[in-house]
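Residue strings, one per chain:
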Amino acid sequence: MKKPLFFLAFILFSCSAGHNFSQDKALFDASAILVSYKSVADMNDAYFVIRENNFFEFYRQLFDSVKNSSYPGRYTKKGDTLLLHFYNPKGAEILGSKALIDGEENNIRFFK
């Protein structure tokens with residue numbers, strides 16, 4: 001009984017969103033940063049980084065130390081709007097699935 005349960009768990013975790021990112025991680029790491037946005041809070045700063053090859057990453061950092069959460073993804077661009085496709089769906093729950101970039105003001109806004 002333990003073996004079928006183990007294989008079921010293995011299949012579920014291997015099909016998760018993180019598994020898809022592991023396939024793209026080398027290209028993600030090799031992609032240069034094009035632009036970065038930062039939001040400063042009392043204890044947890046948030047960063048949104050746009051990279052080459054249509055990658056992005058949203059992450060939080062506690063007191064300028066290590067990342068305590070990271071949500072990478074891919075984007076498609078239509079005009080000044082980015083359509084965000086997170087590897088982990090929780091990223092879309094936090095930020096939304098669209099981002100509007102204002103180049104003149106150098107800011108970004110997120111929408112569900």
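This one's a predicted model, so the numbers in the text were calculated from it and none came from an experiment. (Residues numbered from 1 in each chain as written. Predicted model: local features only at pLDDT ≥ 70, side-chain atom pairs only at ≥ 80, totals over all residues. Heavy atoms only, no water.)

(A) Here's a closer look at the overall build of the protein. A tally of regular secondary structure across the protein gives 3 helices and 7 strands. When burial is assessed residue by residue, the protein has 29% of its 112 residues classed as buried. Looking at the protein alone, contacts between residues at least 24 apart form 21% of all its contacts between residues at least 6 apart. Within the structure as shown, the protein displays about 7,600 Å² of accessible surface, and the carbon and sulfur contribution to it stands at 59%. (Helix = DSSP H or I, 4+ residues; strand = E, 2+ residues; numbered from the N terminus. Buried < 20%, exposed > 50% of the residue type's maximum accessible area, 1.4 Å probe, protein only. Contact = heavy atoms within 4.5 Å. Areas by Shrake-Rupley, 256 points an atom, 1.4 Å probe, with all protein chains shown as cover.)

(B) The arrangement of unusual backbone geometry in detail. A positive phi is found at N53, a non-glycine position, where the angle reads about 60 degrees. When you line up the elements, N53 lands in the loop between strand 2 (44-51) and strand 3 (55-62). The backbone phi angle of N106 is positive, close to 55 degrees, even though this residue is not glycine. You can see N106 is positioned in the loop between strand 6 (98-102) and strand 7 (107-111).

(C) Spotlight on the nonpolar core. One finds F48, I50, F58, L82, L84 and F86 to be the most contacted residues of the largest nonpolar core, which totals 15 residues. Elements represented by at least two residues in this core include exactly strand 2, strand 3, strand 4 (67-78), strand 5 (81-86) and strand 6. Non-local contacts of F58, meaning those with residues more than four positions away in its chain, are made with A46, Y47, F48, S69, S70, Y71, F86, I94 and L95. (Core = buried A, V, L, I, M, F, W, Y, C linked by side-chain atoms within 4.5 Å.)

(D) Representation of the sheet that holds strand 7 in the model. Read from one edge to the other, the open sheet built from 7 strands follows the order 1-2-3-4-5-6-7, with strand pairing classed as antiparallel. Edge positions in the sheet fall to strand 1 (33-39) and strand 7, since each of these pairs with one other strand and no more. Along the sheet, successive strands turn relative to each other by an average axial angle of 30 degrees, direction set aside. (Pairing = 2+ DSSP bridges. Axes fitted to C-alpha atoms, helices over the stretch in contact; angles between N-to-C directions.)

(E) Up close: the packing of aromatic side chains. Inspection of the entire model under this criterion finds 8 aromatic pairs. Taken together, F21, F28, F55 and Y87 form an aromatic cluster joined through their ring pairs. Note that K67 overlies the ring of Y59, its terminal NZ or CZ placed 4.4 Å from the centroid. Between the NZ or CZ atom of R74 and the centre of the ring of F55, over which it lies, the distance is 4.0 Å. (Phe/Tyr/Trp six-rings, centres within 6.5 Å; stacked < 30°, edge-to-face > 60°. Lys NZ or Arg CZ within 6 Å of the ring centre and 35° of its normal.)

(F) The arrangement of the confidence of the model for the protein in detail. Mean pLDDT over the protein works out to 83, with 83% of the residues at or above the 70 mark. Mean pLDDT values for the elements of the protein range from 44 in helix 1 (residues 2-14) up to 95 in strand 5. Taken together, the stretch residues 5-17 has pLDDT below 50 and engages in 5 contacts with residues farther than four places along the chain or on a different chain. (pLDDT = per-residue confidence, 0-100.)

(G) How the structure looks around the environment of V49. Checked against the element boundaries, V49 lands in strand 2. Residue classification places V49 among the buried positions, given a relative accessible area of 5%. Between the C-alpha atoms of V49 and Y37, which are 12 residues apart in sequence, the distance is 6.3 Å.

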